[in-house]
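Observations on the three-dimensional arrangement
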Amino acid sequence: MTEFTRSAFLSAAKHFVEKDLEVSMAGRVFMITGANSGIGRATAMAIAKRGGTVHMVCRNKDKAEEARADIVKESGNKVNEFGPLSHLQNTRKVWEFAEAFKRKYKALNVLINNAGCIMSERDVNAEGLEKSFASNVMGVYILTKGLIPLLEKSAEPRVITVSSGGMLVQKLRTGNLQTEIGRYDGTMVYAQHKRQQVVMTEQWAKTHSNVHFSVMHPGWVDTPAVANAMPDFHQSMKDSLRTPEQGADTAVWLAISEAAATKPSGSFFQDRRMVSAHLPLAWTHSSQLEQQKFMSVMEDLAKTFQPH
C-alpha cells in the first residue's frame with residue numbers, strides 16, 4: 001500500500017537524478033505496445049519529446065491515430081509511426097507483425113512491452129488460447145522473440161516489460177498456465193501473468209546477453225484499463241493513484257537513461273530502483289528447473305502458431 005501510491009512516487013522522486021532523462025534520443029528507434037492510452041501513451045510522449053522515433057503498436061486504429069496526432073503536435077516530433085497490430089490476443093498475427101516489421105525496418109533499439117488485459121471471465125481466442133494469457137504472456141513472448149534478431153543488430157538494445165506489483169503474491173504456475181483448473185479470478189490471473197513476465201525477463205537476460213532486459217512495476221496508476229477492469233478499487237483508491245506520467249517514469253528511465261544500462265540485465269525495478277521480485281520470506285520463488293520448463297512450454301506453444 002505505502003509503496004505503490006502517488007505520494008510514494010513523490011517521495012521517491014526526491015532522490016531521482018534529473019539529468020538521467022536530459023538526453024536526446026535522436027536516431028534511436030522505439031516500439032511501444034498499448035501506446036494509445038495510459039502508461040504506454042505517456043511513455044511514447046516522453047520519448048517523442050526527446051527526439052526518438054516511436055512506433056506505436058495499438059489494437060484500435062482510430063484511438064491510435066488520435067493519440068499519434070496529439071503526440072506529434074505536443075512533441076514537435078514528426079517521426080512517430082503507427083504500426084497496427086489487430087490484437088496481441090491473435091497469436092499468429094503477432095508472429096506476422098514481427099516478421100513484417102523486420103522486413104520493413106533496419107533498426108529497433110528499444111522494445112517496451114506495455115499492452116495487457118484483465119478479463120472478467122475465462123474466454124478463449126480463435127486459436128484456443130485463454131485470451132488474457134494470449135495477450136499478456138504469449139503475445140509478449142512472441143513479439144519479443146520475433147524482434148530479438150533485429151534488436152541484436154541495433155545499437156545498445158533494450159527490452160522493458162511493464163509488470164505489476166500484483167505478481168508479488170503469485171508463484172509461477174507452469175501446470176496451469178491458461179487457468180483451466182480452478183475458479184477464474186481475472187485480477188489474480190493477471191497477477192500470475194505478470195509473474196510469468198518476470199520469469200521470461202530473467203531467462204531472456206541469461207540467453208541473450210547483448211540485449212539489456214528489465215521489468216518494472218509502475219505503481220497503482222489511474223488509467224482507463226484500471227477503471228474498467230477494477231472499478232471498485234479505482235473508486236476507493238482514486239485520490240491515491242499515480243498519474244500515467246508518474247506510472248511511466250521508470251519505463252522511460254529504463255528505456256533512455258545511461259544509468260539504467262549499468263544495472264544487471266533481467267532485474268525488476270520500481271521508482272528507478274532495482275528491487276526484489278519477491279517479498280521478504282516469500283513462498284513465490286520457483287526452481288531453475290521449473291523456470292526452464294516454463295520457457296520450453298512457451299517455446300513449443302509459440303512454434304505451433306509460427307507461420308511456415
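Look above for the structure.
These numbers were taken from a predicted model, which means no experiment stands behind them. Every residue gets a number counted from 1 within its own chain, in the order that chain's sequence is written. Predicted model: local features are reported for residues with pLDDT of at least 70 only, side-chain atom pairs are reported and counted for 80 or more only, and whole-chain, interface and lining totals are derived from all residues. The basis for every side-chain value is the complete set of non-hydrogen atoms in the structure, without hydrogens or water.

1. As for the pairing of strand 1 (residues 29-33)
Looking down a regular strand, the side chains alternate between one sheet face and the other. Accessible area is worked out with a 1.4 Å probe on protein chains only. A residue is then buried under 20% of its type maximum, exposed over 50%, and partly exposed in between. To qualify as a helix, a DSSP run of H or I must reach at least 4 residues; to qualify as a strand, a run of E must reach at least 2; elements of each kind are numbered from the N terminus. With five of its five residues buried, strand 1 lies for the most part within the structure. By the alternation rule, side chains of strand 1 split into Val29, Met31 and Thr33 and Phe30 and Ile32, which are all buried. Between the parallel pair strand 1 and strand 2 (residues 53-58), the chain is carried across by helix 2 (residues 38-49), and the sense of this crossover is right-handed. We call two strands paired when DSSP finds no fewer than two bridges between them. One ladder, built from three bridges, connects strand 1 with strand 4 (residues 110-113); its direction is parallel. Here is how to tell: hold the view so the strands point away, follow the path from the first strand over the helix to the second, and if it runs clockwise the crossover is right-handed.

2. Quick notes on unusual backbone geometry
Even without a glycine there, the phi angle at Glu156 is positive, about 40°. Within the secondary structure, Glu156 is located in the loop between helix 5 (131-153) and strand 5 (158-162). Take Glu156: its relative accessible area is 56%, and that puts it in the exposed class. In this model, Thr179 sits at a positive phi of 55°, which is unusual for a non-glycine residue. Looking at where Thr179 falls in the secondary structure, it is placed in the loop between strand 5 and helix 6 (186-207).

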